[in-house]
Amino acid sequence: MKNKYSLVACMILLSFFLGCQGSSLSKNFYQDSCPQAADIIKSKTLQHVAANPVLPAKLIRLHFHDCFVRGCDGSVLLNSTANNTAEKDAVPNLTLSGFNVIDDIKDAIEAKCPKTVSCADILALAARDAVSAQFNKPMWEVLTGRRDGTVSNRTEALENIPRPSFNFTQLKQSFASKGLTLHDLVVLSGAHTIGIGHCNSFSTRLYNFTGNGGQDPSLNSTYAEFLKTKCKNLTDNTTRVEMDPGSSRTFDSDYYPILLQKKGLFQSDAALITQDQSKGIVEELVDQNKFFTEFAQSMKRMGDIGILAGSAGEIRIKCSVVN
């Protein structure tokens, strides 16, 4: 009996140890190894944002797409090789950009602290700093200590990244598979308050929603006519449209009243008001202070998805290739 209790005690201790290992991000992870890291990342990011005002939308999307495949491990930054097609070459990622910015920041970091700061942490911090530029203060906390993954696969990107055509059930399942709640889904979708959408991501809603040439009845008809002046047909894969008309470079809560007016650009946006519970969250987030508070919390949770820590993964010297 004594041995039995000893075994149980050991199992409890092991479980506790493993649980702690699974959440090892911290506020000041680089305080001793590279105390300049956060300042270098912020300075470089702000330089790039000043030169390219649409960068915040690009970097937060890059961070999102990274975290939804293998967790926040920088795998979206890896290039394809002769023997492997990487995530960045999967269809959902072909319109991603900002890779050059992360590479530039990484070069600056390596010059000061070689082989110390992960590409995954650089991406998480740069996304936050880019969006925060307009406020002159950090809009959410980014804990650090992630390590970089060594695997990047196109098929996994196709399987894990939520699509603009997803309905409510598909969206909810996608986020739940990453440990995120319905509330996180609605809150994180608010990132669509900045950036653009390509016509081929939503044009079926204009020209062939039913499969017989019909228009999506859930889309505001006046807005649909406006979109048709931009996206002339189903084959247009180059034209881009603001996701938040009139303020697509300003991070605010405008996305939510737009949804309630049935002007969400993607089917996945419109899906958020098809259920009472999610619509209720949308109505709450019209309040900008509420949105900012909730967004900060959900971004922190997203940044913790599937992290590699300790001896797992590696610290890449270049973000586009494994060591």
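Details of the structure are given in the entry above.
What counts, and where the lines are drawn
Residues numbered from 1 in each chain as written. Predicted model: local features only at pLDDT ≥ 70, side-chain atom pairs only at ≥ 80, totals over all residues. Heavy atoms only, no water. 1 Å grid on protein atoms, 1.4 Å probe; cavity = no way out; pocket = protein on both sides within 12 Å on 5 of 7 lines; lining within 4 Å. Points joined across faces, edges and corners; volume = space filled by probe spheres on them. Nonpolar A, V, L, I, M, F, W, Y, C, P; charged D, E, K, R; others polar. Salt bridge = Lys/Arg side-chain N within 4 Å of Asp/Glu carboxyl O. Helix = DSSP H or I, 4+ residues; strand = E, 2+ residues; numbered from the N terminus. Buried < 20%, exposed > 50% of the residue type's maximum accessible area, 1.4 Å probe, protein only. Core = buried A, V, L, I, M, F, W, Y, C linked by side-chain atoms within 4.5 Å. Contact = heavy atoms within 4.5 Å.

Asks: Is there a simple way to explain the layout of surface pockets in this structure?
Replies: Where empty space is left in the structure can be found by rolling a water-sized probe over the atoms. Estimated volume of the second largest pocket: approximately 210 Å³. Lining of the second largest pocket is provided by Ala38, Asp39, Lys42, Leu46, Leu125, Arg128, Asp129, Ser132, Ala133, Asn136, Lys137 and Pro138. For the lining of the second largest pocket, the class distribution of residues is 5 nonpolar, 2 polar and 5 charged.

Asks: Looking at this structure, I do not really get the pattern of salt bridges. What am I missing?
Replies: Opposite charge on two side chains permits them to pair, given that their charged atoms come into close proximity. One pass over the structure, following the stated rule, counts 11 salt bridges. The partner of Lys27 in a salt bridge is Glu141, with the nearest N and O atoms 3.6 Å apart. In this pair, Lys27 is assigned in the loop between helix 1 (2-21) and helix 2 (37-51) and Glu141 in the loop between helix 5 (119-132) and helix 6 (154-160), connecting sequence segments 114 residues apart. Residue classification places Glu141 among the partly exposed positions, given a relative accessible area of 31%. When the shortest N-O distance is used, the salt bridge between Lys228 and Glu225 registers 3.6 Å. A residue pair is termed a helical-turn pair when its members lie 3 or 4 positions apart in one helix, as Lys228 and Glu225 do in helix 10 (residues 221-230) at 3 residues. Here Lys228 falls in the partly exposed class, since its relative accessible area comes to 22%.

Asks: Would you explain the nonpolar core in this entry?
Replies: The tendency in soluble globular proteins is for nonpolar side chains to be buried as a group. Core analysis: the biggest nonpolar cluster contains 68 residues, and Leu59, Leu62, Leu77, Ile102, Trp140 and Phe295 have the highest contact counts within it. Per element, the largest residue contribution to this core is 9 residues, and it comes from helix 5. Phe295 has contacts with Ile60, Trp140, Val187, Leu188, Ala191 and Phe251, leaving out every residue within four places of it along the chain. Ranked by size, the runner-up nonpolar core spans 12 residues in total, among them Phe202, Ala224, Leu227 and Cys231.

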